[in-house]
Amino acid sequence: MNKFIDYLRESGYVSAELVHGPNGNFVAAINDKGLTTYYPVGKKSQSATNIADFNYVVSEDGQIIATINDYSTVDKVTL
């Protein structure tokens, strides 16, 4: 499983904060220029409080989603 904290490091972020908002939780990732990118936390992972516990999945449209769930590929077909 892909660890979310590794993704953040490899993407050049220098810090991250778990933030709560009216539409759920997000991870605010801050780069070395002080710019912030927000990543959503999966619906069933909203109770997680430690960023290091998150894995991540990539949605079909390319959105990175932080999750504590452990997903793995069960079957794949080439169409």
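Peer 1: Honestly, the overall build of the chain in this entry has me stumped. Any pointers?
Peer 2: Within the chain, the regular secondary structure consists of 1 helix and 5 strands. When the elements of the chain are put in sequence order from the N terminus, they spell out α-β-β-β-β-β. By its C-alpha atoms, the chain is 40 × 25 × 20 Å across when sized along the principal axes. Within the chain, counting contacts between residues at least 6 apart in sequence, those at least 24 apart form 36% of the total. Across the chain, the centroid of the 6 positively charged side chains sits 2 Å from that of the 9 negatively charged ones.

Peer 1: Help me understand the side chain of Asn 25 in this model?
Peer 2: Along the chain, the position of Asn 25 falls in strand S2 (residues 24–31). A polar atom in the side chain of Asn 25 sits 2.6 Å from the side chain of His 20. When sequence neighbours within four positions are dropped, the list of residues in contact with Asn 25 reads Leu 18, Val 19, His 20, Pro 40, Val 41 and Gln 46.

Peer 1: Help me understand the pairing of strand S1 (residues 13–21) in this model?
Peer 2: Each regular strand carries side chains that alternate between the two faces of the sheet. The pairing of S1 with S2 spans 8 bridges and is classified as antiparallel. In the sheet register, Leu 18 faces S2, and the bridge partner there is Val 27. Where S1 folds back onto S2 in an antiparallel hairpin, the turn is made up of 2 residues.

Peer 1: I would appreciate a short explanation of the packing of aromatic side chains in the present structure.
Peer 2: To describe a pair of aromatic rings, you give the distance between the ring centres and the angle between the ring planes. Per the counting criterion, the structure on display carries 5 aromatic pairs. Plain terms: the ring middles of Phe 4 and Tyr 7 are 6.3 Å apart, the flat faces sit at 20° to each other, and that makes the pair stacked. Separated by 3 residues within a single helix, Phe 4 and Tyr 7 lie in helix H1 (residues 4–10), roughly one turn from each other. Ring pairing ties together the aromatic residues Phe 4, Tyr 7, Tyr 13, Tyr 39 and Tyr 56, which thus form one cluster.

Peer 1: Just checking my understanding: could you explain the pattern of salt bridges for this structure?
Peer 2: Close approach of charged atoms allows side chains with opposite charge to pair. In this structure the tally under the stated criterion is 1 salt bridge. Note that Arg 9 is salt-bridged to Asp 6, the shortest N-O span being 3.5 Å. Within this pair, Arg 9 and its partner Asp 6 are both found in helix H1, separated by 3 residues, close to a single helical turn. On the basis of relative accessible area, Arg 9 is assigned to the exposed category, the value being 55%. On the basis of relative accessible area, Asp 6 is assigned to the partly exposed category, the value being 34%.

Thresholds, definitions, all that
- Residues numbered from 1 in each chain as written.
- Predicted model: local features only at pLDDT ≥ 70, side-chain atom pairs only at ≥ 80, totals over all residues.
- Heavy atoms only, no water.
- Helix = DSSP H or I, 4+ residues; strand = E, 2+ residues; numbered from the N terminus.
- Contact = heavy atoms within 4.5 Å.
- Lys, Arg positive; Asp, Glu negative; His and termini not counted.
- Charge placed at Lys NZ, Arg CZ, Asp CG, Glu CD.
- Polar contact = N/O pair within 3.5 Å; in protein donor to acceptor, adjacent residues only side chain to side chain.
- Pairing = 2+ DSSP bridges.
- Phe/Tyr/Trp six-rings, centres within 6.5 Å; stacked < 30°, edge-to-face > 60°.
- Salt bridge = Lys/Arg side-chain N within 4 Å of Asp/Glu carboxyl O.
- Buried < 20%, exposed > 50% of the residue type's maximum accessible area, 1.4 Å probe, protein only.

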